[in-house]
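The residues making up each chain are set out below.
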Amino acid sequence: MMRREKMIIKLLVLPESILSWKGVTYNEEVVDDPLDHDGRTRSFKHERGNWATLIYINYTPSDCLDTWMNSVLDKLPVQGNVISSPHISLSRTLILKFHWIESFVEGMKLLCRRSNKFAIQLTDVRVYCNEEKTRTFLGIYCQDENGMLKCLTEALDNLLAGYQLPSFYKDTSYHISFFWCLGDKRAYLKEILPSLTSSLNDFLVENMEDAYVHVNEIQCKIGNKCYNFELK
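Going along each chain's sequence as written, the residues are numbered from 1 onward. Side-chain atom pairs in this predicted model are given and counted only at pLDDT of 80 or more, local residue features only at pLDDT of at least 70, and totals for whole chains, interfaces and linings cover all residues. Hydrogens and water are ignored here; the side-chain numbers use all heavy atoms of the structure.

By the naming in an unreviewed UniProt entry, the protein chain goes by U6 snRNA phosphodiesterase and is assigned to Temnothorax curvispinosus. UniProt positions are given in the numbering used here, feature names are shortened, and annotations may be inferred rather than shown by experiment. The Sequence similarities (unreviewed entry) comment attached to the protein chain in UniProt states, word for word, "Belongs to the 2H phosphoesterase superfamily. USB1 family." As recorded by UniProt, the Catalytic activity (unreviewed entry) comment attached to the protein chain reads in full: "a 3'-end uridylyl-uridine-RNA = a 3'-end 2',3'-cyclophospho-uridine-RNA + uridine".

Spelled out as structure tokens, the structure:
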């Protein structure tokens, strides 16, 4: 009898073709391997129905500024990498439920239609570390003289509150990260910040067009899909 029961259970296992109905692909639990991501670890595990989400301002440095960023590597006391897709974060990394996505995207559209375009100024180099203290970053600080960036962040925080999602950091320091390394290396990097800032300022004096970032739209990445929202 026991043998027959085992055979019935085996026959009732659903094939993957059935489990992938309604456009939702069936996946086994994903085990994250830091070796696949240059030693980086995820702050939360993969879970079906949860979508990693980030709101940010995309930034493409000029060829000259990109050259400056790469030249910094030789001056650093730690080993790391230049960030290939720099941006200005406007939210933490969020977990968005699948059934929230449509209304959340509509909320982002309405919010951006009410927000004006603006510009921010690049000023100095600062060091940052993530909450888990697993990675350290060098970033170019973005000065928000007119408070437009702060107003935009506050509006985004109000939208996030409707989904019971965490607001952005209270001690916000808007910046464009351009270098990262593993671990908490702030103590090593703080020592060279004055010389890096001096080098950046010399560069910006000769390349004034790189001193300002004109913000005409913001981006939101949900899973592997990116949305662009134009400001008015």
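Pairing of aromatic rings covers Phe, Tyr and Trp, the last through its six-membered ring, and needs centres within 6.5 Å; plane angles under 30 degrees mean stacked, over 60 mean edge-to-face, and all others mean tilted. Tallied over the full model, the rule gives seven aromatic pairs. Clustering of aromatic rings is evident, with ring pairs tying together Trp100, Phe104 and Tyr163. Residue placement shows Arg126 over the ring face of Tyr141; its charged tip is 3.6 Å from the ring centre. Between the NZ or CZ atom of Arg135 and the centre of the ring of Trp180, over which it lies, the distance is 5.3 Å. Comment: the charge-over-ring label is applied if NZ (Lys) or CZ (Arg) is within 6 Å of the ring centre and within 35 degrees of the ring normal.

Bringing the sheet that holds strand 5 (residues 118-129) into the picture now. Any two strands with at least two DSSP bridges between them are considered paired. Working definition: helices are DSSP H or I runs of at least four residues, strands are E runs of at least two. Numbering for both runs from the N terminus. Across the sheet, which stays open at both edges, the five strands sit in the order 2-7-6-5-8 with antiparallel pairing between neighbours. Because the sheet does not close on itself, it has two edges, and the strands there are strand 2 (81-82) and strand 8 (212-215). Bridge count between strand 5 and strand 6 (residues 135-143): seven bridges; the pairing is antiparallel. The partner of Val125 across the bridge, within strand 6, is Ile140.

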